[in-house]
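What follows is the residue order along each chain.
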Amino acid sequence: MTVSKFVIIGAGLAGAKTAQALRDKGFDGQIVVIGDEVERPYERPPLSKEYLTGKAERDSVFVHDAAWYAEHDVDLRTDTVVTGIDRVSKTVSVSDGDPVAYDKLVLATGSRSREFPGAGRDTGAYYLRRLEDSDRLRELFRVARKIVLVGGGWIGLEVAAAARGAGVEVVIVEPEELPLIRILGRRVAQVFADLQVRHGVELRTGVKVAAVEVDAGSGALVRLEGGETIAADAVVIGIGAVPNTELAEAAGLSVSNGVEVDAGLRTSDPDVFAVGDIANAENPALGRRIRVEHWANALNQPAVAAANMLGGDEVYQRLPYFYTDQYELGMEYVGYADGDADVVTRGDLAKPEFLAFWLEDGKVVAGMNVNIWDQGDAIKALIASGRVVDQAKLADPDVSLADV
Ligand SMILES: Cc1cc2nc3c(=O)[nH]c(=O)nc-3n(C[C@H](O)[C@H](O)[C@H](O)COP(=O)(O)OP(=O)(O)OC[C@H]3O[C@@H](n4cnc5c(N)ncnc54)[C@H](O)[C@@H]3O)c2cc1C
């Protein structure tokens, strides 16, 4: 009897969870996980939160302990780059060693930080994607007096909170009128802006960075459009992520804003699957294709991909879920809303302790709980119900979400 061999490219959360799901479902063939990082698979959210602030130990970020891979007969090859996929011979080429044959292949190559033109990783500018980036920032926060953060996205705001916690002066430069305004709308975005300002961050909004100059000796200089300059000890760039789709593209798979997969996470080649940040997946619950760069997606998609690799017919239709922690604010967001959705809130935005809902055609399509921890399931149920809600009741904390 021939033994099946499943190869997983990318040793991040999605790659590691795919290997685990295959074993959990009883697959007893060969599993090879190939990743270009030196570390075994780890989770990235702590890198801008509790690991960055020194509250969590290094060991706590890993997906599995070091012994797990051998114990589950998973051949983990770290520090190895996959350089190509040949779908005819069903092999992947690697940076060191012979090509690796596969029966089924999983793409879990994730994303990389988007680089600011002229201030790439090689210039001394700081980025945050990998464990070593978080280590480097921790070291920076020990010695720096002042940093400039280019970009006020989720990761930028979390880095700002960690830096302030370490007593570092922070300037955030954000081209939009408010950080996160496109995702959250004005009222809720203002809560996140106020939080940063309350904690002493200098928030420069509505202004673009024209150039970043980094000098290892004297620090960094950020030039704004209009001519003003901001000098600091270092510049941290947080302008989003780019999906690592080059391998898929070169292999002739359908790629548009990520690797296109069906609701069962199959690519245009039935022997190749994609999970995590790179998967632009049909989501039956949303009735559309969606790619999200969220931890929960990388955690939960692998079980569906693994089931289907083993001949099943499962679909992934969870609602997107995201969370953040900044200073005293903890928040969860579930669902998917376009930037121009109507926003209804209930509770106290100033405290902050509130719920927010994004509505399309009178129906709740996304919801957020800020420092309220017992309403998550009710928000999900409201979105799933697909019913038109009474907006006055939705805003009233005395009305149960089941009755709006
Ligand atoms: C600092 C930070 C904080 C975050 N915080 C949150 C949060 O609070 N909440 C949330 O929901 N999400 C958060 N995210 C996003 C979340 O971490 C990602 O969605 C998740 O990591 C995606 O997992 P993945 O396995 O798909 O990809 P990745 O984690 O990117 O893993 C992919 C791996 O594949 C490797 N790889 C790529 N190409 C190759 C190749 N050719 N050969 C070999 N290996 C390759 C990559 O180097 C990487 O190691 C955060 C991300 C970062 C960076």
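Note that the structure is a prediction, hence the values are computed from the model and not measured.

A. Representation of the overall build of the chain. Across its full length, the chain carries 10 helices and 25 strands. In terms of overall size, the chain behaves like a compact globule, its C-alpha atoms giving a radius of gyration of 22 Å where 404 residues would be expected to give roughly 22 Å. In terms of overall dimensions, the chain has a C-alpha envelope of 65 × 60 × 35 Å along the principal axes. Here the chain holds 404 residues, and the buried ones make up 53% of them. A separation threshold of at least 6 residues defines the contact pool for the chain, and within that pool the share at least 24 residues apart is 59%. When the accessible surface of the chain is totalled, it reaches about 17600 Å², and 46% of it is carbon and sulfur. Taken together, the 42 basic and 63 acidic charged side chains of the chain have centroids lying 1 Å from each other.

B. Region of the structure containing the sheet that holds strand β21 (residues 321-326). Spatial ordering of the open sheet is given by β21-β22-β25-β24-β23, a layout of 5 strands whose pairing is antiparallel. What marks the edges here is a single partner per strand, and that holds for β21 and β23 (342-348). Across this sheet, the average inter-strand angle for adjacent strands is 15°, counted without regard to direction. Relative to strand β24 (residues 353-360), β23 runs antiparallel, the two sharing 7 bridges. Residue pairing across strands places Asp 342 opposite Leu 359, the latter belonging to β24. Across the face of the sheet, helix α9 (residues 376-385) comes into contact with β22 (329-335), β24 and β25 (363-370) while running at roughly 170° to β25.

C. Examining the site of the ligand more closely. Surveying the vicinity of the ligand reveals 34 residues, the closest of which are Asp 36, Glu 37, Arg 44, Lys 49 and Asp 277. Residue Leu 13 places a main-chain N or O atom 3.3 Å away from an oxygen atom belonging to the ligand. In the model, an oxygen atom of the ligand is placed 2.9 Å from a nitrogen or oxygen of the Ala 14 main chain. Protein chains shield 95% of the accessible area of the ligand, which is 990 Å² for the free molecule. At the level of secondary structure, the elements contributing two or more residues to the shell around the ligand comprise α1 (13-24), α8 (295-309) and β21. Residues of the shell around the ligand, tallied by class, amount to 15 nonpolar, 11 polar and 8 charged. Residue-level mapping places the shell around the ligand at the junction of two domains, with at least three residues from each of domain 1 (5-112 + 242-309) and domain 2 (115-239).

D. Spotlight on helix α4 (residues 154-165). Across its 12 residues, α4 extends 17 Å between first and last C-alpha, which sits within 8% of the 16 Å expected from 1.5 Å per residue. Most of α4 sits out of view: 9 of its 12 residues are buried. For α4, the complete set of buried residues consists of Trp 154, Gly 156, Leu 157, Glu 158, Val 159, Ala 160, Ala 161, Ala 162 and Ala 163. Directly beyond the C-terminal end of α4, a positive phi value near 85° is found at Gly 167.

E. Representation of the pattern of salt bridges in the model. Inspection of the entire model under this criterion finds 25 salt bridges. The salt bridge partner of Asp 269 is Arg 87, with a shortest N-O separation of 3.0 Å. Here the residue Asp 269 occupies a position in the loop between β17 (259-261) and β18 (272-274), and Arg 87 occupies one in the loop between β4 (82-86) and β5 (91-94), the gap between them amounting to 182 residues. Take Asp 269: its relative accessible area is 10%, and that puts it in the buried class. Counted as one network, the salt bridges with shared partners bring together Asp 36, Glu 37, Arg 44 and Arg 130.

F. View of the domain arrangement of the chain. Partitioning the chain into domains gives domain 1 (5-112 + 242-309), domain 2 (115-239) and domain 3 (330-403). The distance between the C-alpha centroids of domain 1 and domain 2 comes to 30 Å. With 19 residues of domain 1 in contact, the opposing surface of domain 2 contributes 14 residues. With both chains or domains summed, domain 1 and domain 2 bury close to 1400 Å², and 55% of this area falls on carbon and sulfur atoms. Inspection of the region where domain 1 meets domain 2 yields 5 salt bridges. The tally of links between domain 1 and domain 2 comes to 11 residue pairs in polar contact (both at pLDDT 80 or more). Classifying every residue of the side of domain 1 that touches domain 2 by side-chain character gives 7 nonpolar, 4 polar and 8 charged.

Calculation notes
- Residues numbered from 1 in each chain as written.
- Predicted model: local features only at pLDDT ≥ 70, side-chain atom pairs only at ≥ 80, totals over all residues.
- Heavy atoms only, no water.
- Helix = DSSP H or I, 4+ residues; strand = E, 2+ residues; numbered from the N terminus.
- Rg over C-alpha atoms; globule rule 2.2 N^0.38 Å.
- Buried < 20%, exposed > 50% of the residue type's maximum accessible area, 1.4 Å probe, protein only.
- Contact = heavy atoms within 4.5 Å.
- Areas by Shrake-Rupley, 256 points an atom, 1.4 Å probe, with all protein chains shown as cover.
- Lys, Arg positive; Asp, Glu negative; His and termini not counted.
- Charge placed at Lys NZ, Arg CZ, Asp CG, Glu CD.
- Pairing = 2+ DSSP bridges.
- Axes fitted to C-alpha atoms, helices over the stretch in contact; angles between N-to-C directions.
- Near = heavy atom within 4 Å.
- Polar contact = N/O pair within 3.5 Å; in protein donor to acceptor, adjacent residues only side chain to side chain.
- Nonpolar A, V, L, I, M, F, W, Y, C, P; charged D, E, K, R; others polar.
- Domains from an automatic or database assignment.
- Expected span 1.5 Å × (residues − 1).
- Salt bridge = Lys/Arg side-chain N within 4 Å of Asp/Glu carboxyl O.
- Buried area = accessible area lost by both parts, 1.4 Å probe.

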